[in-house]
Amino acid sequence: MKLRIALLRVSDLGFPEGALTREIIGSDNDRDLFGHPAPFTGGRRREFGLELCPHDLAPHLCLEYADQPAGERLHIAMKPITLSDGEPRIFVVAHGPSGLSLDAVRAKSDDRWAPDDIFVFSLGREPEAQEQT
Amino acid sequence: MNKDIPTNQSGEAHSHLGDQGELWFAAMLPAGWAWQPPRRDLGKDGLIVIRDGTKLHNIEFSIQIKTSARPTIVDGHVVIPSVSRSSVQYWFASPLPTLVVAVDLTKRTGWFAWHLDLFRSPKELFQPNTKTVTIRIPQAN
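Conventions we followed
Residues numbered from 1 in each chain as written. Chains lettered and ligands numbered in written order. Predicted model: local features only at pLDDT ≥ 70, side-chain atom pairs only at ≥ 80, totals over all residues. Pairing = 2+ DSSP bridges. Helix = DSSP H or I, 4+ residues; strand = E, 2+ residues; numbered from the N terminus. Buried ≥ 20, exposed ≤ 12 C-beta atoms within 10 Å, placed from the backbone. Contact = placed C-beta atoms within 7 Å. Nonpolar A, V, L, I, M, F, W, Y, C, P; charged D, E, K, R; others polar.

Enquirer: Tell me about the pairing of strand E3 (residues 73-76) of chain A, residues and numbers included.
Expert: Residues and elements named next belong to chain A. Strand direction decides the pairing type here: E3 and strand E5 (residues 88-96), joined by three bridges, are antiparallel. What sits directly across from histidine 75, in E5, is valine 92. In terms of strand pairing, E3 meets strand E8 (residues 118-125) through three bridges, oriented parallel. Bridge pairing in E8 links leucine 74 to isoleucine 118.

Enquirer: Could you give me a rundown of the environment of leucine 63 of chain A, with the residues and numbers involved?
Expert: Residues and elements named next belong to chain A. For leucine 63, the position within the fold is in helix H3 (residues 57-64). On the basis of neighbour counts, which here come to 12 C-beta atoms within 10 Å, the residue leucine 63 falls in the exposed class. Here the alpha-carbon distance between leucine 63 and valine 93, two residues 30 residues apart in the chain, equals 9.7 Å.

Enquirer: Residues and numbers for the interface of chain A and chain B, please.
Expert: Facing the 25 residues of chain A at the interface are 24 residues of chain B. Of all elements in the fold, only H3, strand E4 (81-82), E5, strand E6 (99-106) and strand E7 (112-113) of chain A reach the threshold of two or more residues within the side of chain A that touches chain B. Broken down by element, the residue count for the side of chain A that touches chain B peaks at five residues, all from E6 of chain A. Tallied by class, residues from the side of chain A that touches chain B come to ten nonpolar, five polar and ten charged.

Nothing here speaks to function; it is geometry throughout.
Structure (structure tokens):
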């Protein structure tokens, strides 16, 4: 299965001065139209038709994106995973001074992201190739 | 822009190695394996509850992850030095089994062993002469 992805800066999402995590990808406190809990269904990405990435996208992206430009850091728009220190984190696929890496960065609901920070969103699965009959 | 809230990236350009290993492990779990972090980290990194409708459904166990950028491998075993003895004793005191996972962050590979299989005898565990123990996880796992 192949996933189509989109790379967008925080400013591209309509936040020229940066934005909070919940404004970009939503939060645990999101609710649906009826007021029922609907975690991570909000955020600006919904208005753009962007989906959150599956948790295992980043390890695969890190392997497949071998020609990532030096200095680039791609934040994965995913439902944060809370680790043993109690902090929710998301992946960052980065090309730093020590090479390609799969980093983890805190993504609390109120954490602020800079306008130039790049997020990777999912556009859904690539359409399956039509079978020949 | 609210100046009281610092931007996230500048304060945390690189996370702790252990966090990267934990996040990698939690992200690679099969569908239906629910990762639950502890309320306080006292020697276990989390709990996994399997809710996948298979014969493993409802199985629950603890997890301790040891992350390294380049793990030491000797005689077919991944060697993890300086593991807190009190943490290991905690695994044995707990009613839940603990899966100990060694993560190689560079190669994004993991090896695992149940805590009960890590020691040949309880003597090794309860000798109080050192505060740490060395764990060896078979490379075949």
